[in-house]
Amino acid sequence: QVQLVESGGGLVQPGGSLRLSCVVSVSIFNTMGWYRQAPGKQRELVAMRVRGDDTNYADSVKGRFTISRDNAKNTVYLQMNSLKPEDTAVYYCQVRVFSRDYWGQGTQVTVSS
């Protein structure tokens, strides 16, 4: 059983920063990502890291968001800077373990003045 627990969401002003955390119940995973979904919209990929430390970012967040991991803590992070109102969504972390995908419960990020 693989469980992901997210935290770090909340309300932030435009231009502000947040760091999302995702604690994973297993220590071995090679693929990790962050997705987001706004009401009435499809879930979209925000950032992904695969084996070899290759990373991909959505064009809308490139240069503002950074995906990383702390192996000692089994934790995945999403650092979000220069936040915009259009970044408002529920954010989900995702990992792949032995060819199976696992998802966090989601955390709300609201960017508003």
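Keep in mind it's a predicted model, so treat the numbers as computed, not measured.

The rules behind each value
Residue indices follow the written sequence of each chain, beginning from 1 at its first position. Only residues with pLDDT of at least 70 are given local features in this predicted model, and only at 80 or more are side-chain atom pairs given and counted; all residues enter the totals for whole chains, interfaces and linings. Side-chain numbers come from the whole structure's heavy atoms, not from hydrogens or water. Per the convention used, a helix needs a DSSP run of H or I reaching at least four residues, while a strand needs a run of E reaching at least two, with both numbered from the N terminus. Here, the term disulfide refers to a pair of cysteine sulfur atoms separated by no more than 2.5 Å. Exposure classes here rest on a 1.4 Å probe applied to the protein chains alone. A residue is buried below 20% of its type maximum, exposed above 50%, and partly exposed in between. Nonpolar cores are built from buried Ala, Val, Leu, Ile, Met, Phe, Trp, Tyr and Cys residues. Side-chain atoms within 4.5 Å join them into one set. Any pair of Phe, Tyr and Trp rings, taking the six-membered ring for Trp, is counted once the centres come within 6.5 Å. Such a pair is stacked with planes under 30 degrees apart, edge-to-face with planes over 60 apart, and tilted for the rest. Charge-over-ring contacts are defined here by two conditions on Lys NZ or Arg CZ: a distance within 6 Å of the ring centre and an angle within 35 degrees of the ring normal.

Apart from glycine, the bulk of residues carry a negative phi angle, and the bulk of peptide bonds sit in the trans form. Despite not being glycine, Phe98 has its phi angle at roughly 50°, a positive value. Tracing the sequence through the fold places Phe98 in the loop between strand E9 (89–97) and strand E10 (100–103).

Turning next to the state of the cysteines. If you walk through the whole model with that rule in mind, you get one disulfide. The disulfide bridge from Cys22 ends at Cys93, spanning 2.0 Å between sulfur atoms. The chirality of the disulfide connecting Cys22 with Cys93 is right-handed, given an S-S dihedral of about 55°. Note that Cys22 is positioned in strand E3 (residues 18–24) and Cys93 in strand E9, a separation of 71 residues in sequence. Pair check on accessibility: Cys22 and Cys93 agree, each one buried.

Turning our eyes to something else, we now look at the nonpolar core. Counting residues in each nonpolar core, the largest one holds 29 residues, and the members touching the most others are Val24, Trp34, Leu78, Met80 and Tyr91. Of all the elements in the fold, those that place two or more residues in this core are E3, strand E4 (31–37), strand E5 (44–49), strand E7 (65–70), strand E8 (75–80), E9 and strand E11 (107–111). Per-element tally for this core: the top contributor is E9, with five residues.

In this structure the tally under the stated criterion is one aromatic pair. Its guanidinium or amino end placed over the ring of Tyr92, Arg43 lies 3.9 Å from that ring's centre, counting from NZ or CZ. Sitting over the face of the ring of Trp103, Arg43 holds its NZ or CZ atom 4.9 Å from the ring centroid.

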